[in-house]
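# Summary of structural features
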Amino acid sequence: MSKILTPPTTFVGRLKYLGPGFILSAAIVGSGELIATTALGAKAGFVMFWLIILSCLVKVALQLEFGKNAIYTGTFIMHNFNNLPGLRLGKAHWSIWLWLSLQGLKLLQVGGIVGGVAIVLHMAFPLISVNFWAIISVLITSFWVYKGNYGPVEKGSLVMIILFTAVILISVISLQWTQYAITWPQFESGLQFSLPTALVATAFGAFGITGVGGDEIMYYNYWCIEKGYAAYTGPNDGSKEWSERAKGWFQVMYLDAVLSMVVYTIVTAAFYLLGAAVLHTGGAVPEGYQMVETLSRIFTETLGPWAKNIFLVGAFFVLYSTLFTATASWARVWGDAFGQIGWMNFGSEQEQKRSIGIMSWVLPIAWCLLFLFFQAPVRMVILGGIATSVLLLLVVYVSLVFRYRNLPIALKPSVLYDVFFWISVLSILFVSGYGIVQII
């Protein structure tokens with residue numbers, strides 16, 4: 001049965017079809033914001049605030065290209081990677097093998113998130129050890145993702161977004177009535193383009209992991225397809241009606257992406273400012289098992305000791321939202337990638353569900369084992385951020401192919417869109433290139 005649907009033309013009508021951006025926002029404001037961004041603020045003070053804002057704003061144009069590709073092809077991203085021009089190794093394109101080579105560090109990153117969730121739960125319920133909480137959290141998450149499809153993921157993400165956004169904004173506002181109140185000269189210093197050499201590696205990791213990262217850009221494709229944007233557009237029959245439908249659903253997707261960008265930019269900026277104002281002033285940098293205890297000072301110093309419980313609730317939802325959406329998203333990306341390589345079957349809908357079900361258990365168990373072995377959540381997250389910055393370079397290349405080789409001529413965007421697209425591309429190339437040179 002055809003699912004083709006005329007796209008809504010009003011703002012209110014488009015709001016009814018939002019959703020993939022909720023999942024991205026829930027995934028983004030976890031490891032990047034609570035851990036990497038706050039740690040960067042604690043180390044650098046206000047001086048690198050500009051980098052965090054830039055990181056959130058410039059990458060959305062690449063996300064839009066991946067979203068558009070999902071709509072006009074109706075196929076998953078690893079399938080589309082495998083159809084890129086260039087060298088192939090076995091059944092798979094070189095881009096898939098490059099993606100796979102970075103996944104060791106990425107596994108560490110989400111392992112750090114598992115550790116963060118476990119530490120928060122241990123602080124709330126200390127009778128159960130951190131390690132046991134890590135095991136419990138991944139088992140519950142795997143079961144939840146294994147049993148659910150798109151709807152539960154979207155709804156769960158939306159609830160967690162509302163909760164953690166409310167908690168962090170209350171804390172930022174309350175800060176202004178304490179000794180840590182942010183002054184205009186401090187805020188202004190954070191908007192001047194400077195990058196201390198000693199913090200290049202940390203900043204490079206934070207740039208990769210804050211805002212929409214390479215991972216989130218890639219799995220935006222899956223959520224746009226599961227939401228129905230591609231099915232509503234229908235297969236490309238070359239007709240004017242098809243191109244008009246595609247443009248209409250592009251507009252819905254644009255609104256979805258931009259509103260999610262507004263949410264994660266506000267939350268990211270709030271975490272950085274809290275880290276710079278409270279933790280940097282006190283010389284406290286979150287590390288190891290003391291990470292959550294140190295981060296809780298953001299709330300206890302601004303609202304009082306009683307606010308630690310509020311922090312634990314907010315920290316849980318921030319971190320768990322990333323663990324939950326990462327499990328759902330990575331299961332899809334990994335299943336698709338293994339399908340292209342030839343290690344799994346990912347062709348039919350039934351095979352896709354089976355592969356996603358398998359990966360929804362395998363990946364969280366791997367993350368848990370890595371945390372139990374390394375026991376260093378902050379370092380694990382930062383290392384994953386560095387891998388994400390490298391992955392962004394691959395995403396830039398693929399975005400250029402999508403824009404100038406694969407996009408149907410009838411869907412060519414405006415000059416203004418292309419200007420923003422190239423600002424995004426050049427900004428990422430500059431920051432990532434500079435970071436790689438400095439680290440080498």
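Sequence order as written defines the numbering, with residues in each chain counted from 1. Reporting of local features is limited, given that this is a predicted model, to residues whose pLDDT is at least 70; pairs of side-chain atoms are given and counted only at 80 or more, and all residues count toward the totals for whole chains, interfaces and linings. The basis for every side-chain value is the complete set of heavy atoms in the structure, and neither hydrogens nor water enter the calculation.

Mapped onto the elements, Asp-336 comes out in helix H18 (residues 308–341). Classification of residues uses two cut-offs on accessible area relative to the type maximum, computed with a 1.4 Å probe and protein chains only: under 20% is buried, over 50% is exposed, and between them is partly exposed. When charges are tallied, Lys and Arg are placed among the positive residues and Asp and Glu among the negative ones, while His and the ends of the chain are skipped. The working definition used for a salt bridge is a side-chain nitrogen of Lys or Arg within 4 Å of a carboxyl oxygen of Asp or Glu. Here Asp-336 sits buried without a salt bridge, and the closest side chain of opposite charge, Arg-332, lies 10 Å off (N-O distance). The contact criterion used is simple: two residues touch if any of their non-hydrogen atoms lie within 4.5 Å. Dropping the residues within four chain positions of it, Asp-336 is found in contact with Phe-76, Ile-77, Met-78, His-79, Tyr-222 and Phe-346. A run of H or I in DSSP becomes a helix once it reaches four residues, and a run of E becomes a strand once it reaches two; helices and strands are each numbered from the N terminus.

On to the packing of helix H7 (residues 94–101) against H18. Geometry is summarised by axes, namely lines fitted to C-alpha atoms with helices restricted to the contacting stretch, and by angles between N-to-C directions that run from 0 to 180 degrees. Two elements in contact, H7 and H18, have axes whose closest approach is 11 Å; the angle formed by their N-to-C orientations is 135°. Classified by the angle their axes make, H7 and H18 are oblique. Considering how the two elements wind past one another, H7 and H18 form a crossing that is left-handed. Here Ile-96, Trp-97, Trp-99 and Leu-100 of H7 lie close against H18, whose contacting residues are Val-333, Trp-334, Ala-337, Phe-338, Gln-340 and Ile-341. Classes in brief: Ala, Val, Leu, Ile, Met, Phe, Trp, Tyr, Cys and Pro nonpolar; Asp, Glu, Lys and Arg charged; the others, Gly included, polar. Of the residues that constitute the contact of H7 with H18, the class distribution is nine nonpolar, one polar and no charged. Put simply, angles under 35 degrees are roughly parallel, angles over 145 are roughly antiparallel, angles from 65 to 115 are roughly perpendicular, and the rest are oblique. Handedness of each helix crossing follows the sense of rotation of the near helix against the far helix: counterclockwise by less than a right angle gives left-handed, clockwise gives right-handed.

By nonpolar core we mean a set of buried residues, namely Ala, Val, Leu, Ile, Met, Phe, Trp, Tyr and Cys, connected to one another through side-chain atoms within 4.5 Å. Phe-66, Met-78, Phe-81, Trp-99, Met-218, Trp-330 and Trp-367 are the most contacted members of the largest nonpolar core, which totals 136 residues. The element contributing the most residues to this core is helix H15 (residues 240–282), with 22 residues. Those residues in contact with Trp-330 that lie beyond four places of it in its chain are Gln-103, Lys-106, Leu-107, Val-110, Asp-215, Tyr-219, Gly-335, Leu-363 and Trp-367.

pLDDT is a residue-level measure of predictor confidence that goes from 0 to 100. For the protein, the average pLDDT comes to 84, and 88% of its residues sit at 70 or higher. Mean pLDDT values over the elements of the protein span from 65, in helix H16 (residues 291–295), up to 96, in strand E2 (residues 92–93).

Right, let's talk about the pattern of salt bridges for a bit. According to the stated counting rule, one finds five salt bridges in the structure shown. Residue Lys-68 is joined to Glu-65 by a salt bridge in which the shortest nitrogen-to-oxygen separation is 3.0 Å. You can see Lys-68 and its partner Glu-65 sitting in helix H5 (residues 60–73), three residues apart, about one turn around the helix. Just as Lys-68 is buried, Glu-65 falls in that class too.

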